[in-house]
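Take a look at the letters that make up each chain.
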Amino acid sequence: MTVNLEVADGVGTIRLDRPPMNALDIATQDRLRELAEEATRRDDVRAVVIWGGEKVFAAGADIKEMQVMDHAAMVVRSKALQDSFTAVARIPKPVVAAITGYALGGGCELALCADIRIAADNAKLGQPEILLGLIPGAGGTQRLARLVGPSKAKDLIFTGRQVKADEALTLGLVDRVVPAAEVYEQAHAWAARLAAGPALALRAAKESVDAGLETDIDTGLTIERNWFAGLFATEDRETGMRSFVEEGPAKAKFR
């Protein structure tokens with residue numbers, strides 16, 4: 001398989017495994033969607049790490065495969081392409097991308113689907129599609145602009161240039177830069193800490209932020225209010241408040 005899901009201690013690792021560069025061909029895209037949907041369904045997966053291995057995250061689409069596709073073929077395929085990435089973005093659990101080496105084109109777009117991005121100090125990110133006479137087609141024009149702002153996104157998309165980890169951190173494209181040998185360990189630690197948290201509250205927080213960004217503030221506040229009130233019906237809320245009153249803050253053990 002070109003993508004695998006391994007689960008341990010509440011953390012599901014979606015591992016890209018298509019050497020040497022983890023090129024995202026059609027089979028890999030479809031498998032990515034399947035595993036994102038599986039991670040969404042499984043109760044034993046409470047947080048997710050997206051990982052390309054020690055050398056490379058994903059260097060983009062399979063250009064040889066795309067080269068033979070005409071307009072009609074891509075009209076059909078482009079929706080499935082976007083759906084694969086959207087399935088990752090809509091995993092209702094905390095998701096972290098552990099980025100080593102190249103995260104270019106579709107690889108960068110996949111990283112954008114995570115909630116945070118931890119990058120190796122040797123990482124390079126970018127949207128080079130313009131150099132092929134194209135634009136990003138797996139969400140890059142939308143998610144990148146929402147993450148770093150429209151002018152910074154346009155600079156990256158218009159030029160197709162690659163940015164090193166330190167510039168990516170300055171731009172807000174990644175959230176943390178660490179030594180390459182520590183990327184997966186730190187990403188897994190972040191995920192494991194949240195895997196022990198209140199699952200429904202984390203889901204509510206993620207959906208409130210993500211859905212709120214897509215609408216006006218009044219609608220966003222309504223989304224927040226409904227989730228906030230709804231959490232008062234959960235066991236986790238009872239556990240959290242009882243622990244706070246009886247033991248003090250940050251000592252609750254959620255089931």
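Here is a short report on the structure shown in this document. (Residues numbered from 1 in each chain as written. Predicted model: local features only at pLDDT ≥ 70, side-chain atom pairs only at ≥ 80, totals over all residues. Heavy atoms only, no water.)

1. Observations concerning the side chain of Glu129
You can see Glu129 is positioned in the loop between β7 (124–126) and α5 (140–148). Reaching out from Glu129, the side chain makes a polar contact with the side chain of Gln127 at a distance of 3.0 Å. The residues touching Glu129, leaving out its near neighbours within four places in the chain, are Gly105, Gly106, Glu109, Leu134, Ile135 and Pro136. (Helix = DSSP H or I, 4+ residues; strand = E, 2+ residues; numbered from the N terminus. Polar contact = N/O pair within 3.5 Å; in protein donor to acceptor, adjacent residues only side chain to side chain. Contact = heavy atoms within 4.5 Å.)

2. A closer look at the environment of Pro94
Relative to the helices and strands, Pro94 resides in the loop between α3 (71–89) and β4 (95–99). Classification of Pro94 as buried rests on a relative accessible area of 8%. On a C-alpha basis, the gap between Pro94 and Arg203 in space is 7.9 Å, while along the polypeptide they are 109 residues apart. In this view, Pro94 contacts Arg46, Ala47, Val48, Asp115, Trp190, Leu194 and Leu202; residues no more than four positions away in its chain are not counted. (Buried < 20%, exposed > 50% of the residue type's maximum accessible area, 1.4 Å probe, protein only.)

3. Here we look at the packing of aromatic side chains
In this structure the tally under the stated criterion is two aromatic pairs. Look at Trp51 and Tyr184: their rings are 5.1 Å apart centre to centre, the planes differ by 40°, and that puts the pair in the tilted class. Of this pair, Trp51 sits in strand β3 (residues 47–51) while Tyr184 sits in helix α8 (residues 183–195), and the two are 133 residues apart along the sequence. For Trp51, a relative accessible area of 11% translates into the label buried. (Phe/Tyr/Trp six-rings, centres within 6.5 Å; stacked < 30°, edge-to-face > 60°.)

4. Examining the side chain of Arg117
Structurally, Arg117 can be placed in strand β6 (residues 116–120). A polar side-chain atom of Arg117 sits 3.0 Å from the main-chain carbonyl oxygen of Leu173. Each residue touching Arg117, except ones within four places of it in the same chain, is listed here: Ala97, Ile99, Ala111, Leu112, Leu147, Leu173, Val174, Asp175 and Arg176.

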